[in-house]
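One-letter residues, chain by chain:
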Amino acid sequence: MAAITATQYLFRASVPTSTTLATVGAYTVPAGTRGQIVSLTLTNTATTQRTTYCDVSLFDGSTAFTIVRAAPLFPGGFCVIEGAAKHVLPTSGAVYIAAYATVISAAMSLVELT
């Protein structure tokens, strides 16, 4: 049985207002590695009093699978994506986020398994 090595990372990203998906922390899982998501938190840091909505997708290297669609983020509010912690990303996997009304911040903690 092969030993498993785990390395933990914390990524932060500012997601621009766009319906285009943005990669959290510009991170993709390296070759020969899997990534276990530990936590994913989204925050509405806009200075305006606008509620924004966001989508969260997991990318497996070829296809993005939406796990959250149009989650509301109220001004100054945050959302912890609970279901994301159950996913293991394969090699070339990533987490994509789209924000609709204001810029949001995303923080993701991930453990690489080799």
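This one's a predicted model, so the numbers in the text were calculated from it and none came from an experiment. (Residues numbered from 1 in each chain as written. Predicted model: local features only at pLDDT ≥ 70, side-chain atom pairs only at ≥ 80, totals over all residues. Heavy atoms only, no water.)

### Concerning the overall build of the protein
Of regular secondary structure, the protein possesses 0 helices and 9 strands. Shown N-terminal to C-terminal, the secondary structure of the protein runs as helices and strands in the order β-β-β-β-β-β-β-β-β. Here the protein, with 114 residues, has 39% of them falling under the buried criterion. Contacts spanning at least 24 positions in sequence make up 80% of the contacts within the protein whose residues lie at least 6 apart. Summed over its atoms, the accessible surface of the protein is roughly 6000 Å², and 57% of this surface lies on carbon and sulfur atoms. (Helix = DSSP H or I, 4+ residues; strand = E, 2+ residues; numbered from the N terminus. Buried < 20%, exposed > 50% of the residue type's maximum accessible area, 1.4 Å probe, protein only. Contact = heavy atoms within 4.5 Å. Areas by Shrake-Rupley, 256 points an atom, 1.4 Å probe, with all protein chains shown as cover.)

### Details of the environment of N44
Inspection of the secondary structure assignment puts N44 in strand β3 (residues 34-44). Between the C-alpha atom of N44 and that of C54, which follows or precedes it by 10 residues, the distance is 10.0 Å. Not counting residues up to four positions away in its chain, the partners in contact with N44 are R50, T51, T52, L73, F74, P75, G76, G77, T102, V103 and I104. A polar side-chain atom of N44 sits 3.1 Å from the main-chain amide nitrogen of A46. Here R50 takes part through its backbone oxygen, which lies 3.1 Å from a polar atom of the side chain of N44. (Polar contact = N/O pair within 3.5 Å; in protein donor to acceptor, adjacent residues only side chain to side chain.)

### Digging into the environment of T114
Its location among the elements puts T114 in the segment after β9 (104-113). Considered as a pair, T114 and P30 are 84 residues apart in the sequence and their alpha carbons are 9.7 Å apart.

### Re the confidence of the model for the protein
In the predicted model, the protein carries a mean pLDDT of 79, and 75% of its residues have values of at least 70. Strand β6 (residues 78-80) holds the highest mean pLDDT among the elements of the protein, 90, whereas strand β1 (residues 6-15) holds the lowest, 59. (pLDDT = per-residue confidence, 0-100.)

### Regarding unusual backbone geometry
Of note in the backbone geometry, A70 takes a positive phi value of approximately 55° without being a glycine. Its location among the elements puts A70 in strand β5 (residues 64-73). Phi angles above zero are rare outside glycine, and S92 is one such case at about 70°. Here S92 lies in the loop between β7 (88-89) and β8 (94-99).

### So, the nonpolar core
By size, the foremost hydrophobic cluster in this structure holds 21 residues, and its most contacted members are L42, V56, V95 and I97. At the level of elements, β3, β4 (52-59), β5, β8 and β9 are the ones that each hand at least two residues to this core. When residues of this core are assigned to their parent elements, the largest contribution, 4 residues, is made by β9. Filtering out sequence-adjacent residues up to four positions away, V56 remains in contact with L40, L42, F65, T66, I67, V68, I81, V95, Y96 and I97. (Core = buried A, V, L, I, M, F, W, Y, C linked by side-chain atoms within 4.5 Å.)

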